Amino acid sequence: MDFAEAQKEALGCVKCGLCHSRTQVVFGEGPLNSELFIVGEAPGFNEDKEGRPFQGASGMLFDRLLDSIGLGRGKVYSTTLVKCRPPGSPPRSPRPSEVSHCRAYLMSQISAVDPKVVLALGEMASRILTGKKDPLSRIRGRAIPLDGRYIVPTFSLVKALYVPADRDMLVSDFSRLPELLEAERPSTYDTLNVLATPSADREPIQPGLW
Ligand code: SF4
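## Focus: the nonpolar core
Item 1. Counting 26 residues, the largest nonpolar core has F27, F37, V39, Y105, L106 and L129 as its most contacted members.
Item 2. Setting aside residues up to four positions removed in sequence, F27 forms contacts with F3, A6, Q7, A10, Y77, T79, K83, Y105 and Q109.
Item 3. Within the second largest apolar cluster, 23 residues are counted, among which are F54, L61, L65 and V76.

Right, dumping it as structure tokens:
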């Protein structure tokens, strides 16, 4: 399914039960030539209302984080694992079957954008996009090569809003993105641990290092 077909189908999708809790589908937004692709878990109340990913307090944090690395929303593609708001207040996490039903849309988006770096926000997005079962605490901040791009797991915006220590680490993970965006695409499956050495002491990433 190409991007246009995916978008058209998703906007009227009833493939899983989340079609009953949404008021509108939040497909995602951003230029299709973005080098950075950011994936959250699911739309919440504000996203469902606006029809755009990362709104409300999370959206303000998102904008500040992007500003801090010299990127605005207009330069990244942002979306979520599932495109419809789960029920509940706060909304519950999407179920594995719901993520699975929505997966084809996400895959079409990644394939169309073909980003160099995919930032996975939160435990669920990190697990699904890396294919790893490790807890987020173990893989957070690493740049994991997969299919010619780097997957970078980090904390969710919502968690970072309430836990200052997580917010500090999220800021730190964002600060390393420009370096990865400048690097060559990975050609092996070796994990690059960008947290191993403090930024100032780290050798610049060299093409062919991995
Ligand atoms: S979450 Fe995805 S699969 Fe489920 S109804 Fe919405 S668009 Fe369809």
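## Some words on the site of the ligand
Item 1. C13, K15, C16, L18, C19, R22, V82, K83, C84, H101, C102 and Y105 make up every residue found near the ligand.
Item 2. Put simply, the ligand lies in the largest cavity.
Item 3. For the shell around the ligand, the residue count by class is 8 nonpolar, 1 polar and 3 charged.

## Details of the side chain of R149
Item 1. Position of R149 among the secondary structure elements: in strand β5 (residues 149-154).
Item 2. For R149, a relative accessible area of 11% gives the class buried.
Item 3. Apart from the residues within four sequence positions on either side, R149 is in contact with I110, D114, P115, K116, V118, I144, R185 and P186.

## A few points about empty space enclosed by the protein
Item 1. In the structure shown here, the tally under the stated rule is 1 cavity of 30 Å³ or more.
Item 2. Its boundaries defined by the atoms lining it, the largest cavity holds a volume of some 100 Å³.
Item 3. Taken together, 16 residues form the lining of the largest cavity, with C13, C16, R22, C84 and C102 sitting closest to its centre.
Item 4. Considering each element in turn, the lining of the largest cavity owes the most residues, 4 residues, to helix α4 (residues 96-113).
Item 5. Residues that form the lining of the largest cavity fall into these classes: 11 nonpolar, 1 polar and 4 charged.

## What about helix α1 (residues 3-11)?
Item 1. Those residues of α1 that fall on the buried side of the exposure criterion are F3, A6 and A10. Buried residues of α1, viewed axially, fall in a sector of 60°; they line one side. α1 presents A4, K8 and L11 as exposed residues on the side facing more than 90 degrees away from its buried surface.
Item 2. Packing partners of the buried residues in α1 comprise β2 (76-80) and α4.
Item 3. Between a side-chain oxygen at the N-terminus of α1 and the backbone nitrogen of A4 the separation is 3.2 Å; the capping residue is D2.

## A word on the sheet that holds β2
Item 1. Overall, mixed pairing links the 5 strands, which are arranged β2-β1-β3-β5-β4 in an open sheet. Edge strands, defined here as strands with exactly one partner in the open sheet, are β2 and β4 (144-146). Across this sheet, the average inter-strand angle for adjacent strands is 25°, counted without regard to direction.
Item 2. Alignment of β4 against β5, held across 3 bridges, turns out to be antiparallel. Residue pairing for β5: I144 is matched across the bridge by I151.

Reading the values: rules and limits
Residues numbered from 1 in each chain as written. Predicted model: local features only at pLDDT ≥ 70, side-chain atom pairs only at ≥ 80, totals over all residues. Heavy atoms only, no water. Core = buried A, V, L, I, M, F, W, Y, C linked by side-chain atoms within 4.5 Å. Buried < 20%, exposed > 50% of the residue type's maximum accessible area, 1.4 Å probe, protein only. Contact = heavy atoms within 4.5 Å. Near = heavy atom within 4 Å. 1 Å grid on protein atoms, 1.4 Å probe; cavity = no way out; pocket = protein on both sides within 12 Å on 5 of 7 lines; lining within 4 Å. Sits in = over half its atoms within 2 Å of the grid points. Nonpolar A, V, L, I, M, F, W, Y, C, P; charged D, E, K, R; others polar. Helix = DSSP H or I, 4+ residues; strand = E, 2+ residues; numbered from the N terminus. Points joined across faces, edges and corners; volume = space filled by probe spheres on them. Arc of directions from axis to C-beta. Polar contact = N/O pair within 3.5 Å; in protein donor to acceptor, adjacent residues only side chain to side chain. Pairing = 2+ DSSP bridges. Axes fitted to C-alpha atoms, helices over the stretch in contact; angles between N-to-C directions.

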